[in-house]
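Inside the fold
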Amino acid sequence: MRMNFRPRHVSILLLSVLLIALIVPVSAAGNYQRTFSVQPTSKLINNHFKVINIQMGILSKFASHELYVSTPPSLLDYYGNLTHTINDNPDYAQFVTPQAVASIATCIEQVTNKLPQSNEQFADAVLGLVHQIPYNVTDPKYPVETLVDNYGDCVGLSLLTASIMEAGGLDVVLILYTGINPEHMNVGVYLPYTPVYHTALMPPTSFRYDNKTYWTAEATPDGDWKVGDQSFDLANAQANIIPLGNVSTQPTPPGTVSASLNTQLPPSNITINLTEDPTNGENNSTRDLAITGSITPSIPDQPVTIYLDNNNQLMYFSTVTDDEGNYCLTWNFTDAGTYSLTAAWSGVCNCTASDSEPLTVFAGPQSIEQFQGSDYNYIFTQVGLASIATEPMQGVNNFLSVPLGSNASLSYDFIILQAGHTVSNVPTATITIPESEETVLTGTRSRQTIIIPAYNVTVPEQVPIGLEPVSLPDDLNQTLNDKFSFILQKDSAGNYSLDVKGLTDDDLAQLQTNSQIANLTESVKADTWYQMTSNINGNGSTTNLVDQNGSTIENSSTTDNQTIILITNNQDTAIVLKNLNVENTTAQPEQSNIKTNSPTVTQKLTPYVTVAILLAAVATAAIYVSKRRSKNKKD
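Just so it is clear, the structure is predicted and the values come from calculations on it, not from any experiment.

**Here we look at the sheet that holds strand β6 (residues 212-217)**
Here five strands make up an open sheet; going across it, the order is β5-β6-β4-β3-β7 and the pairing antiparallel. Looking at the sheet topology across the chains shown, the edges are occupied by β5 (206-209) and β7 (238-243). When the angles between neighbouring strand axes are averaged without regard to direction, this sheet yields 35°. Here strand β3 (residues 172-178) runs beside strand β4 (residues 184-190); their pairing, made up of six bridges, is antiparallel. Its bridge partner lying in β4, Tyr 177 is registered against His 184. Along the sheet, helix α6 (residues 154-167) makes contact with β3, β4 and β6, crossing β4 at roughly 15°.

Quick look at the structure:
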């Protein structure tokens, strides 16, 4: 069989070989030249979207914009603590939270509000944004949680879509499709006309509810859905309309996400500090601390949220900044225990939202209004409750425990603050109880009259209404837990923990035999910041305490299983801890989660071997073609 090789066949062959020869070495080398960087975890959760599918006109091109979104962790914690239970279909409406994502809606409106069908195009832009979030089956989530997780199922994505659309002023409902497995959800958008930009050749779908026409809006990323589009898979499903009701009646969230269009959000900052309340005088028995701080940039009249976590019960308080961006709030509390405080600002003027560093507060027991007699201390308590009058004074034994392992270094800062005052200047008077007679029963069951001599007692001149004086028990100090301490504790496995405790006199007596105890109650002063550092290993622990000027207060080493550092008598006292940092001194340096394998010698030579083989193939092909031509000429 005769075969003819034409010049263009040879050209195609040579071009293909040369392309392969060029591509393979470059690709292989590119794998080795990639550089990866590992960035520290940010305090903020940042998202980046393309605001696409904003069509300027029916025949015009699409516009594309960049949207930057930032969410403070405090806002995520707030929604994480809300109920996520769905008992009936109307419960889905409680997850639509337009106020939290209002900044996103505002950014999109900047692009769509002057377009001919602005409501429809705004809705399409929201869909284009949400379609960028990957699909994954989850339990019901609030929109902020879906943004932070960066994934969601049809429910989560529809709730986010409805929230942004509602924030942009659209009238929307949720549409739950039943009678199919699994059930499905999307959003219904009210438009007084048939959607203009729905997908061609796909008839738009709508539902009538409350004398209005709601057009379907599919939030899942299966396609480039527009308002009016609906999957053919839902054609035979039962559509259940879930109205959102009046969202203005929903509780105002303590913060919002921040968003910016086409420019990255510059950082902001918020600080938090605790000080003694200057209005809390000696005769004021309330427990008050002043929460202060500032925001940067300094902007007046900005809402600031103070989150307070006590035993996983999250509460929050609101205040505003003054003309210089400072804020102040009085915190009144009654219960002893461990509290965590964080300040948050949602940001404005294209600034990121920001959270402060957390402060941990250990509130000791509260003293009850009391006065002193010649022989006893007394307290005022409610009439008839003398038996339990001292229970509030007993305080907390365990404030906090932090596992450290067997080899670690830790550091933290703390300050002692006065939180409440014992009223010590109660006016008293000495009165004489006159001699009296009393009839008693003797052992023989006979009655005998005895004489009780006159005696003097000290009593308050004025007892508050509803209270009575009760003497304190002699062993009160054995039950108060009023010796505040930091304890380095080693267990039988050689692992340490940092325990923050309130101890009694009995506790100290039992611990003295096998512990190193440093009593610093005279050295550590109130209203002064101190830094404690400790290093632990198999040989023991070392501890160093310095004041805010860097002067050493305590420096010690021990091989004992316990190191107890007594700080203060924590009655009417709060100890604030911040900057707790624990490092494992035996841990290997953290590696990037992106695995890159160093090339072997064979891998390094692969590109060159490939090129050599391809060049040989080119040469062979050229020789073969030349011989065939010579033979053809002879024929």
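**Concerning the sheet that holds strand β29 (residues 515-519)**
The strand order across the open sheet built from five strands is β20-β28-β27-β33-β29, with neighbouring strands paired in mixed fashion. Two strands lie at the open edges of the sheet, namely β20 (398-405) and β29, each paired on one side alone. Adjacent strand axes in the sheet meet at a mean angle of 20°, parallel and antiparallel pairs treated alike. Pairing of β29 with strand β33 (residues 562-569), which is carried by five bridges, proceeds in the parallel orientation. Paired with Asn 519 across the strands is Leu 566, a residue of β33.

**Some remarks on the packing of aromatic side chains**
For the coordinates displayed, the defined rule picks out 18 aromatic pairs. Between Phe 362 and Phe 484 the ring centres are 5.9 Å apart and the planes differ by 35°, which places this aromatic pair in the tilted class. Pair noted here: Phe 362 is in strand β17 (residues 359-363) and Phe 484 is in strand β27 (residues 483-490), with a separation of 122 residues, a long-range link. Residue classification places Phe 362 among the buried positions, given a relative accessible area of 0%. Judged by centre distance (5.3 Å) and plane angle (85°), the rings of Phe 484 and Phe 486 are edge-to-face. For the pair Phe 484 and Phe 486, one class covers both residues: buried. Members of the aromatic cluster, connected to one another through ring pairs, are Phe 362, Phe 399, Tyr 412, Phe 414, Phe 484, Phe 486 and Tyr 530. Here the basic side chain of Lys 212 rests over the ring of Tyr 190, its NZ or CZ set 5.7 Å away from the ring centre. Sitting over the ring of Trp 529, Lys 578 keeps its end group 4.3 Å from the ring centre.

**Remarks on the environment of Trp 529**
With respect to the helices, strands and loops of the structure, Trp 529 is situated in the loop between β29 and β30 (530-537). Along the chain, Trp 529 and Val 546 lie 17 residues apart, while their C-alpha atoms are 9.1 Å from each other. Setting aside anything within four residues of it in sequence, one finds Trp 529 in contact with Asn 273, Asp 413, Phe 414, Ile 415, Asp 547, Gln 548, Val 576 and Lys 578.

**Some details on the pairing of strand β12 (residues 303-310)**
Within β12, six of the eight residues are buried, leaving the element largely enclosed by the surrounding structure. Hairpin connection between β12 and strand β13 (residues 313-320): a loop of two residues separates the two successive antiparallel strands, and Asn 311 in this loop has a positive phi of roughly 55°. Of the pairings in the sheet, the one linking β12 to strand β15 (residues 337-345) comprises seven bridges and is antiparallel in character. Following the sheet pairing, Leu 308 is matched in β15 by Leu 341.

Cut-offs and rules
- Residues numbered from 1 in each chain as written.
- Predicted model: local features only at pLDDT ≥ 70, side-chain atom pairs only at ≥ 80, totals over all residues.
- Heavy atoms only, no water.
- Pairing = 2+ DSSP bridges.
- Helix = DSSP H or I, 4+ residues; strand = E, 2+ residues; numbered from the N terminus.
- Axes fitted to C-alpha atoms, helices over the stretch in contact; angles between N-to-C directions.
- Contact = heavy atoms within 4.5 Å.
- Phe/Tyr/Trp six-rings, centres within 6.5 Å; stacked < 30°, edge-to-face > 60°.
- Buried < 20%, exposed > 50% of the residue type's maximum accessible area, 1.4 Å probe, protein only.
- Lys NZ or Arg CZ within 6 Å of the ring centre and 35° of its normal.

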